Amino acid sequence: MRKILLATHGEFAAGILDSVRIIIGDEEKVRALCAYVNPEENFSEQVKESIEGIEERDELVVLTDMLGGSVNNEFMRYLNRPGFYLVTGLNLPLLIALLTSPEADTVRLIQESLEEMKNQIVFCNELKAEEENEDF
Amino acid sequence: MIKLLRVDYRLIHGQITTSWVAQIGCDCILIANDKVPGDVLRKNALKLAKPPETKLVIKTVEDSIAAINSGVTDKYKLFVIVENVQDARRMVEGCQGFERVNLGNVRMGAKSKQLGTTVFVSEQDMEDIRVMQAKGSSVDVQSIPRDKCTIVKL
């Protein structure tokens, strides 16, 4: 089974999961890990546990908020682990693409979702809608 | 053929583009609304929001009814979206083929009755729903395809 973990500085991960719930509904296979919210929790340990929790034949896709940030850095050290995929630059179009695509191959799914997401980051003022109205 | 008539005051938005279009398998969205055709900003926002592979047509309710009745829409798998229950009733009264009327997002008004998490209906709405049901349409409440679909019984 493919599971998705959202890991971010603070509550971003929980918040974006709430947005997903409004748009496509509850997603049981997605979990949020909000780093550095509770000083009693050790984030390195939480990352280690999530990686060690990947069972045989399971896959874990981790989406973090920022390249070079400590959240992503913590996961980087596990890149050799089989079934573990790390993507940074989490945003809603990317997450929705990952969750709604029928693609079964995880590597292709990630590649395609990243491509699709790029079209959704747009400076809207510079967009020009087509002048003509479409008709049947 | 008409796949679905949906009442949604947000017209085209995330739930529509990511969930409904794929779920019902439509290739054309018709926005039937009297104000949008004359509102350039709103019209442009809708054009930009539509899924790339889906055709979008925006017409007044009257023109929408005329288009459907003329047969030009027959070749499409059509997804009709209206802003409110009154417009849905006008569509159902104006043409055949609306087997299912889905209430997706209906705004809360004074004295409105809640039919679902995001659906609130007034006395007038309930009257309109009864008229649509009498015309043979099944009226249901379902915000996103993954939600439970509840048939409205008044």
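Refer to the structure printed above.
Residues numbered from 1 in each chain as written. Chains lettered and ligands numbered in written order. Predicted model: local features only at pLDDT ≥ 70, side-chain atom pairs only at ≥ 80, totals over all residues. Heavy atoms only, no water.

A.B. asks: What's the story with the sheet that holds strand β8 (residues 138-141) of chain B in this structure? I'm lost.
C.D. replies: Note on sheets: strands pair through backbone hydrogen bonds, and any given pair is parallel or antiparallel. Residue and element names in this part refer to chain B. In space, the seven strands of this open sheet follow the order β3-β2-β4-β1-β5-β8-β9, with mixed pairing throughout. Where the open sheet ends on each side, the last strands, each with one partner, are β3 (55-59) and β9 (150-151). Direction of pairing for β8 relative to β9: antiparallel, over a ladder of two bridges. The partner of Val-141 across the bridge, within β9, is Thr-150. Sitting on the sheet, helix α3 (residues 61-70) is in contact with β1 (2-8), β2 (28-32), β3 and β4 (78-82), with an inclination near 140° to β2. (Pairing = 2+ DSSP bridges. Helix = DSSP H or I, 4+ residues; strand = E, 2+ residues; numbered from the N terminus. Contact = heavy atoms within 4.5 Å. Axes fitted to C-alpha atoms, helices over the stretch in contact; angles between N-to-C directions.)

A.B. asks: Can you help me understand a negative patch on the surface in this one?
C.D. replies: A contiguous patch of negative charge, built from Asp105(A), Glu112(A), Glu116(A) and Glu53(B), is present on the exposed surface. Assignment of secondary structure puts Glu116(A) in helix α5 (residues 106-118). Given a relative accessible area of 45%, Glu116(A) falls into the partly exposed group. (Patch = residues over 30% accessible without salt bridge, like charges linked within 9 Å, V, L, I, M, F, W, Y side chains within 5 Å. Areas by Shrake-Rupley, 256 points an atom, 1.4 Å probe, with all protein chains shown as cover. Salt bridge = Lys/Arg side-chain N within 4 Å of Asp/Glu carboxyl O. Lys, Arg positive; Asp, Glu negative; His and termini not counted. Charge placed at Lys NZ, Arg CZ, Asp CG, Glu CD. Buried < 20%, exposed > 50% of the residue type's maximum accessible area, 1.4 Å probe, protein only.)

A.B. asks: Help me out: how do you make sense of the environment of Ser122(B) in this one?
C.D. replies: All names here are of chain B. Structurally, Ser-122 can be placed in the loop between β7 (119-121) and α5 (123-134). For Ser-122, a relative accessible area of 24% puts it in the partly exposed group. Taking the C-alpha atoms as reference, Ser-122 lies 9.6 Å from Val-85; in sequence the two are 37 residues apart.

A.B. asks: Explain the pairing of strand β2 (residues 30-35) of chain A to me, please; I cannot follow it from the model alone.
C.D. replies: Along any regular strand the residues' side chains alternate between the sheet's two faces. Residues and elements named next belong to chain A. Bridge count for strand β1 (residues 2-9) against β2 is six bridges, and the pairing is parallel. Paired with His-9 across the two strands is Ala-35, which belongs to β2. Of the crossover connections in this fold, the one passing from β1 over helix α1 (residues 12-23) to the parallel β2 is right-handed. (Right-handed = clockwise from strand over helix to strand, strands pointing away.)

A.B. asks: How should I be thinking about the interface of chain B and chain A in this particular structure?
C.D. replies: One widely used convention gives an interface's size as the accessible area the parts lose upon coming together. Each partner contributes to the interface: chain B provides 21 residues, whereas chain A provides 18 residues. Buried surface at the junction of chain B and chain A, both sides included, amounts to about 1500 Å², of which 56% is carbon and sulfur. When the buried area of chain B at its contact with chain A is split by residue, Thr18(B), Lys47(B) and Arg146(B) rank highest and sum to 32% of it. Put simply, chain B and chain A have three salt bridges between them. Two residues, Arg146(B) and Glu27(A), come together in a salt bridge whose shortest N-O distance is 2.7 Å. If you look at where chain B meets chain A, you find eight residue pairs in polar contact (both at pLDDT 80 or more). When contributions to the side of chain B that touches chain A are tallied by element, the ones reaching two or more residues are α1 (14-24), β2, α2 (40-49) and β3 of chain B. A class-by-class count of the residues in the side of chain B that touches chain A yields ten nonpolar, six polar and five charged. (Buried area = accessible area lost by both parts, 1.4 Å probe. Polar contact = N/O pair within 3.5 Å; in protein donor to acceptor, adjacent residues only side chain to side chain. Nonpolar A, V, L, I, M, F, W, Y, C, P; charged D, E, K, R; others polar.)

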